Amino acid sequence: MLADIGLMALVVGFILAVYATAVSAWGGWRQEWRWVESARRATLLTVPFLTISVVIVTYSLFVMDFSLAYVVDVSSQAMSPFLRLTALWGGQSGSVLFWAWLMSGFVAAVLWRKWDRDRDLMPYFITVAMLTTAFFTGIVVFITNPFARLWHIPGTTELITAVFQPTGAVPYIPQDGQGLNPLLRHFGMIGHPPTTYLGFTGFVIPYAFAISALLTGKSRSDEWIRTSRRWTLVAWIFLSIGLVLGGRWAYDVLGWGGFWAWDPVENAMLMPWLTGTAFLHSVMMTEKRGMLKVWSVSLIILTYSLSLFGTFITRTGVISSVHSFSKSALGPVFFVFIGITFVASLWLLFKRLDTLKSEHELESFLSRESAFVLQNVLFLAITFVVFLGTVFPLLSELVTGTKITVGPPYFQKATGPLFAALVLLMGLAPLFAWRKQAASRLGRAALAPLVGSVVWAGIWGYTHRMHPASYFALWLVAFVVMLILFEFIKGIQARMKRGENPLIALAHLMGRNRRRYGGYIIHLGVVMIGLGFIGDAYFQQETQVALAQGESLTLGAYSLRFDNLEMYPGSDGREVLEATTSLFKNGEFVRTLKPRRDFFVVQQQPMTIPAVYPTPAEDVYVLLVGWEEIGFGASTFRMFLNPLISWTWTGGFVLILGTLIAAWPEGRKKRAYALAPGRLQPQPGLGGD
Amino acid sequence: MADLVTKPGELAGQEADVPNRFRLSTLVIFGFVFGLLALLGWGLVQVNSGQVDSGMAPDFTITSFEGETITLSDLRGQVVIINFWASWCPPCREEAPYLEATWRKYQEQGVVFIGVDYVDTEKEALAYIEEFDITYFNGPDLGTRISHDYRMDGVPETYYVAKNGELRGVKIGPLAPPELDEKIEELLAEQYP
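Keep in mind the model is a prediction, meaning the values are calculated, not measured.

*Asks:* Provide a residue-level description of the overall build of chain A, including the pertinent values.
*Replies:* For chain A, the helix and strand inventory stands at 19 helices and 13 strands. Taken over C-alpha atoms, the radius of gyration comes to 27 Å for chain A, in line with the 26 Å a tight globule of 689 residues would show. Out of the 689 residues in chain A, the part that is buried amounts to 56%. As presented, chain A carries roughly 29,300 Å² of accessible surface, and 65% of it is formed by carbon and sulfur atoms. Looking at chain A, you have 54 positive and 40 negative side-chain charges, and the mean spots of the two groups are 14 Å apart.

*Asks:* With reference to specific residues and values, describe the overall build of chain B.
*Replies:* A tally of helices and strands in chain B yields six helices and seven strands. Starting at the N terminus and walking to the C terminus, you meet the elements of chain B as α-α-β-β-β-α-β-α-β-α-β-β-α. In chain B, which comprises 193 residues, the proportion classed as buried is 44%. For chain B, the proportion of contacts with a sequence separation of at least 24, taken over those separated by at least 6, is 74%. A total of about 10,000 Å² of accessible surface is found on chain B, and carbon and sulfur atoms cover 57% of it.

*Asks:* I'd like to hear about the environment of T592(A), residue by residue, with values.
*Replies:* By secondary structure assignment, the location of T592(A) is in strand β8 (residues 588-593). Separated by 369 residues in the primary sequence, T592(A) and E223(A) have C-alpha atoms spaced 59 Å apart.

*Asks:* Describe the sheet that holds strand β4 (residues 541-548) of chain A, and please don't skip the residues or the numbers.
*Replies:* Residue and element names in this part refer to chain A. On the basis of which strands lie adjacent, the open sheet formed by four strands has the order β4-β13-β12-β11 and antiparallel pairing. Each having just a single partner strand, β4 and β11 (611-614) make up the two edges of the open sheet. Across the sheet, the mean angle separating the axes of adjacent strands is 20 degrees when strand polarity is ignored. Bridge count between strand β12 (residues 618-627) and strand β13 (residues 634-643): nine bridges; the pairing is antiparallel. The residue of β13 that forms the bridge with W627 is S635.

*Asks:* Could you give an account of the sheet that holds strand β3 (residues 80-85) of chain B, with specific residues and numbers?
*Replies:* Residues and elements named next belong to chain B. Read across the open sheet, the five strands follow the order β5-β4-β3-β6-β7; overall the sheet is mixed. Edge strands, defined here as strands with exactly one partner in the open sheet, are β5 (137-140) and β7 (167-172). Taking each pair of neighbouring strands and ignoring which way they run, the sheet shows an average axis angle of 20 degrees. With four bridges connecting them, strand β6 (residues 157-161) and β7 associate as antiparallel partners. Considered in β7, the bridge of Y159 is made with V170. The strands touched by helix α3 (residues 90-106) are β3, β4 (112-117) and β6; relative to β4, the strand with the most contacts, the crossing angle is about 155 degrees.

*Asks:* Any details on the nonpolar core? Residues and values, ideally.
*Replies:* Soluble globular proteins tend to pack their nonpolar side chains together in the buried interior. The biggest cluster of nonpolar side chains holds 187 residues, and the ones touching the most others in it are F125(A) and F309(A). What F125(A) contacts, discounting residues up to four positions off in sequence, is V107(A), V110(A), L111(A), W115(A), I205(A), A208(A), F209(A) and S212(A). Formed by 48 residues, the second largest nonpolar core is a distinct cluster that contains F84(B), W103(B), Y128(B) and L175(B).

*Asks:* Hey, could you go over the confidence of the model for chain B for me, with residue numbers and the actual values?
*Replies:* When pLDDT is averaged along chain B, the result is 81; 86% of the residues meet or exceed 70. The model gives residues 1-18 of chain B a pLDDT under 50, and that stretch makes six contacts with residues more than four places away or in other chains.

*Asks:* Give me the lowdown on the pairing of β12(A), citing residues and values where you can.
*Replies:* With nine of ten residues buried, β12(A) is to be regarded as a mostly interior element. Here β11(A) hands over to β12(A) after three residues, the two strands then running antiparallel side by side.

*Asks:* Explain the pattern of salt bridges residue by residue, including any values.
*Replies:* Under the defined criterion, the tally for this structure stands at 22 salt bridges over all chains. The closest approach of N and O atoms between E124(B) and R597(A), which form a salt bridge, is 3.3 Å. Here R597(A) lies in strand β9 (residues 596-600) and E124(B) lies in helix α4 (residues 122-131), a pairing that spans two chains. Between R104(B) and E100(B) there is a salt bridge whose closest N-O contact spans 2.6 Å. Of this pair, R104(B) and E100(B) both sit in helix α3, four residues apart, roughly one helical turn. Owing to a relative accessible area of 40%, R104(B) belongs among the partly exposed residues under this scheme. A network of salt bridges, in which partner residues are shared, links E37(A), R40(A) and R41(A).

*Asks:* With reference to specific residues and values, describe the packing of helix α1 (residues 2-30) of chain A against helix α6 (residues 122-143) of chain A.
*Replies:* Residue and element names in this part refer to chain A. α6 packs onto α1 with a crossing angle of 155 degrees between their chain directions and a minimal axis gap of 8 Å. As the angle between them shows, α1 and α6 are arranged roughly antiparallel. Handedness of the crossing formed by α1 with α6: left-handed. Residues L10, V11, G13, F14, A17, V18, A20, T21, S24, A25, G28 and W29 of α1 touch α6, and the partners they reach there are P123, Y124, I126, T127, M130, L131, A134, T137, G138, V140, V141 and F142. Among the residues forming the contact of α1 with α6, the class breakdown is 17 nonpolar, seven polar and no charged.

*Asks:* Before we move on, could you go through the packing of helix α16 (residues 468-496) of chain A against helix α17 (residues 502-512) of chain A and cite the residues and values that matter?
*Replies:* Residues and elements named next belong to chain A. At a closest axis distance of 9 Å, the pairing of α16 and α17 adopts a crossing angle of 110 degrees. Here α16 lies roughly perpendicular to α17, going by the angle between them. Viewed along their axes, α16 and α17 form a crossing whose handedness is right-handed. Here α16 contributes F488, G491, I492, R495 and M496 to the contact with α17, which in turn contributes P502, A505, L506, H508, L509, M510 and R512.

*Asks:* Summarise the side chain of E157(B); cite the residues concerned and give the values.
*Replies:* Tracing the backbone shows E157(B) in strand β6. Separated by 2.9 Å, the side chains of E157(B) and Y159(B) make a polar contact.

*Asks:* How would you explain α6(A) if you had to name every residue and give the values?
*Replies:* With 22 residues, α6(A) should cover 32 Å at 1.5 Å per step; its first-to-last C-alpha distance of 30 Å lies within 8% of that length. For α6(A), the tally of buried residues reaches 19 of 22 residues, placing the bulk of the element in the interior.

*Asks:* Describe the environment of G27(A), naming the residues involved and giving the relevant values.
*Replies:* All names here are of chain A. Inspection of the secondary structure assignment puts G27 in helix α1. A residue is classified by how much of its surface remains accessible, and G27, at 2% relative accessible area, is buried. Each C-alpha atom, one on G27 and one on A39, is 8.6 Å from the other, the two residues being twelve residues apart in sequence. For G27, the contacting residues outside a window of four places in its chain are E32, W35 and V36.

*Asks:* Let's hear about the pairing of β6(B): which residues, and what values?
*Replies:* Residues and elements named next belong to chain B. The buried fraction of β6 amounts to five of the five residues, a majority that puts the element mostly inside the structure. The alternating pattern of β6 places E157, Y159 and V161 and T158 and Y160 on opposite faces, both of which are buried. Note that β3 and β6 share five bridges and pair antiparallel. Residue pairing for β6: I82 is matched across the bridge by Y159. Hairpin connection from β6 to β7: five residues lie between these consecutive antiparallel strands, with G165 at a positive phi of about 90 degrees.

*Asks:* Please give an account of a nonpolar patch on the surface that cites residues and values.
*Replies:* Residue and element names in this part refer to chain A. Residues M1, L2, I5, M8, I52, Y59, F62, V63 and L85 make up a contiguous nonpolar surface patch of roughly 840 Å² in combined accessible area. At the level of secondary structure, the elements contributing two or more residues to the nonpolar patch comprise α1 and α2 (33-63). Residue contributions to the nonpolar patch peak at four residues, all from α2. Looking at the secondary structure, you find L2 in helix α1.

*Asks:* Let's hear about the environment of M482(A): which residues, and what values?
*Replies:* Residues and elements named next belong to chain A. By secondary structure assignment, the location of M482 is in helix α16. Judged by relative accessible area, which is 23%, M482 ranks as partly exposed. Along the sequence, M482 and G427 sit 55 residues apart, while their C-alpha atoms lie 8.6 Å from each other. Discounting residues that sit within four places of it in the chain, M482 has contacts with P449, G452 and S453.

Scoring rules and cut-offs
Residues numbered from 1 in each chain as written. Chains lettered and ligands numbered in written order. Predicted model: local features only at pLDDT ≥ 70, side-chain atom pairs only at ≥ 80, totals over all residues. Heavy atoms only, no water. Helix = DSSP H or I, 4+ residues; strand = E, 2+ residues; numbered from the N terminus. Rg over C-alpha atoms; globule rule 2.2 N^0.38 Å. Buried < 20%, exposed > 50% of the residue type's maximum accessible area, 1.4 Å probe, protein only. Areas by Shrake-Rupley, 256 points an atom, 1.4 Å probe, with all protein chains shown as cover. Lys, Arg positive; Asp, Glu negative; His and termini not counted. Charge placed at Lys NZ, Arg CZ, Asp CG, Glu CD. Contact = heavy atoms within 4.5 Å. Pairing = 2+ DSSP bridges. Axes fitted to C-alpha atoms, helices over the stretch in contact; angles between N-to-C directions. Core = buried A, V, L, I, M, F, W, Y, C linked by side-chain atoms within 4.5 Å. pLDDT = per-residue confidence, 0-100. Salt bridge = Lys/Arg side-chain N within 4 Å of Asp/Glu carboxyl O. Parallel < 35°, antiparallel > 145°, perpendicular 65-115°, else oblique. Left-handed = near helix turned anticlockwise from the far one by under 90°. Nonpolar A, V, L, I, M, F, W, Y, C, P; charged D, E, K, R; others polar. Polar contact = N/O pair within 3.5 Å; in protein donor to acceptor, adjacent residues only side chain to side chain. Expected span 1.5 Å × (residues − 1). Patch = residues over 30% accessible without salt bridge, like charges linked within 9 Å, V, L, I, M, F, W, Y side chains within 5 Å.

In structure tokens:
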């Protein structure tokens, strides 16, 4: 009964989305505002209907209504109530519904207030955004419906999944479900998938703005780009959180000692993040100087296309991944949708190139402008390298007949230098003036950080004589951190001259230039994340030893003693085999570590859960990889020393903090969108906000 | 705005210049996009085209857990049953006793059974073989090459190869008596020069 209401709400939501798409296009074309207003209301109305659907699916998962095929698929008696709720996005039907729901929420949020600016964009904005929403809702209705039931035809062993009763079939309601994929039974399930989805779906907003601006020719002025910048920032921050949480999850659950494996699904998230980041920078130039317009618009289109592309390659099984989503009928429909999106957007972009002329020429190679161009190029180059590695299995299969997967070494070697260049640019670019920069002044500004970082890297290199490349990496990090800190110090000093105390000066500095100093904080976060990658690339140590009870293994300053092994039934239908070990540093007891191996009985799937002792300098990461069946005599442990990894998580927090500082809406004065944006006069050494 | 302030002379110069550049970059970018779409489409067709179930059986060489090697094309004249399985797969356990019993029944008549262990760990796989007392040839599908060639979808799947090396169908899901016996009888009855 409840499921029927959910199904009806879903269908109504779909019809509303289709209606909004069609009517807004009509209204925009005929310039009849009442149609557009009707489309706007239909869009707003989509949200409550899809919400009803989502709530009912979630409730069915929670109460384990096994008459629904989706509930049987991802829920089970053994799962905790918390996991049953998260199962909403644990399988295909639920996650696509969740996706459509989030997207409709984003679109409605943009349309909530009647627009007093960019009004001409509204009709086609609705058309583009709601077409996408209608597409995803349509997939839920017609292809992967979470309200489908299981049916059984008497006399056969086959089960049919269908929304309506097939002829001759009787309903089949199992006693228990299969439950969520064990890898998904983790606390991370609450954070990583929803934030990632919010990031992916959020990019539809700037994309819809860009397309409607191109369609109406409004791309000539760049007011619209401010609005879409803000929405891009919203999507970007969620995607960033999703990336960090995903890395943390992999580190805690997958048990291979690292946090980033260049898996296709990870790359699928990284690529839109890269182009989205490039857009957020590029758009500053468009706002301030009326330049890089083609770049900015292309980057929006690319970001959105890449998030569709990522969804496509992973959801359809075209490129296999650890995130083994099953193959489905989604593929062909999705393919057509992606094809139309790519080609139509590009065609439109070329058609309207004349509206995207730059208002200024590049005046000097050493200027803020050229730094922005360079960063766009670097971001795009990294994206391309990642893209190539991701589709390489397909390419190689086409050419040679065998799937060749390129591993992490390719990605590390190919993106490492590009990332290094980008980080260097990140530190230096804020020193560049608009239009033209005198090299001598730049040299003076960068001198102290340069000397400081070289001395630091020299000392470090002298005391730790290994991996010469790491000296460079650590120098780079130190240099950039010092450059950023110097920016803060300069700003604070200037205010202190006016008699403010340092803390007040810092608060005022950040308060008055939130975009600028929030940006610096984001940059600091990026450098911290970079530290984790440097540790992973150069300094990770690893050993694997079989130990009898009471024996120890040693790695670096640490030693690990195997004390005991026990087996007990755990929650969520798993058998837990847990080792008790004692960790010593330089002979002194630090703490007890308990690496485990969980075995999910129903799914027959084992899972290796590491025990981690984190410190700012390094993590001790212990895995239980083997044991004797009888008597629990000896067990095999793999131990990693992961230096600097904690900085990655801290960096993630700092990055989010910086974004919040930069993006928090201005409280007092309303943003003067109605005014034509005043062109900023070139101010050497200022700007960057 | 920029085009409003551009002098007429400049505009003419630009227009002569733009179409050429425009056409080349357009061509390159559209070429790239269409190439990518073609690649994705082809990948999709590959993924969705289902199991290979007719024509010549894709050839492969597999090494057993004991280290013996077998090549499918060397087995012309013999009926070959290729079974994909894994120790972590519950339905495989359902069919395991029936498979082994059928093998013991027909091995005298030259029927070859090849168990292909799909994405598994050796320890668990060997325990499984021991549990069901499996005596026919079994080896891991290293790099999932064989399952990829047969476009296998999941375990268990069983492919029937006739004496002349052609595929004569595939069973998706666990086998139940007497379907394997019937299929083998049918294939044994075929003439091979």
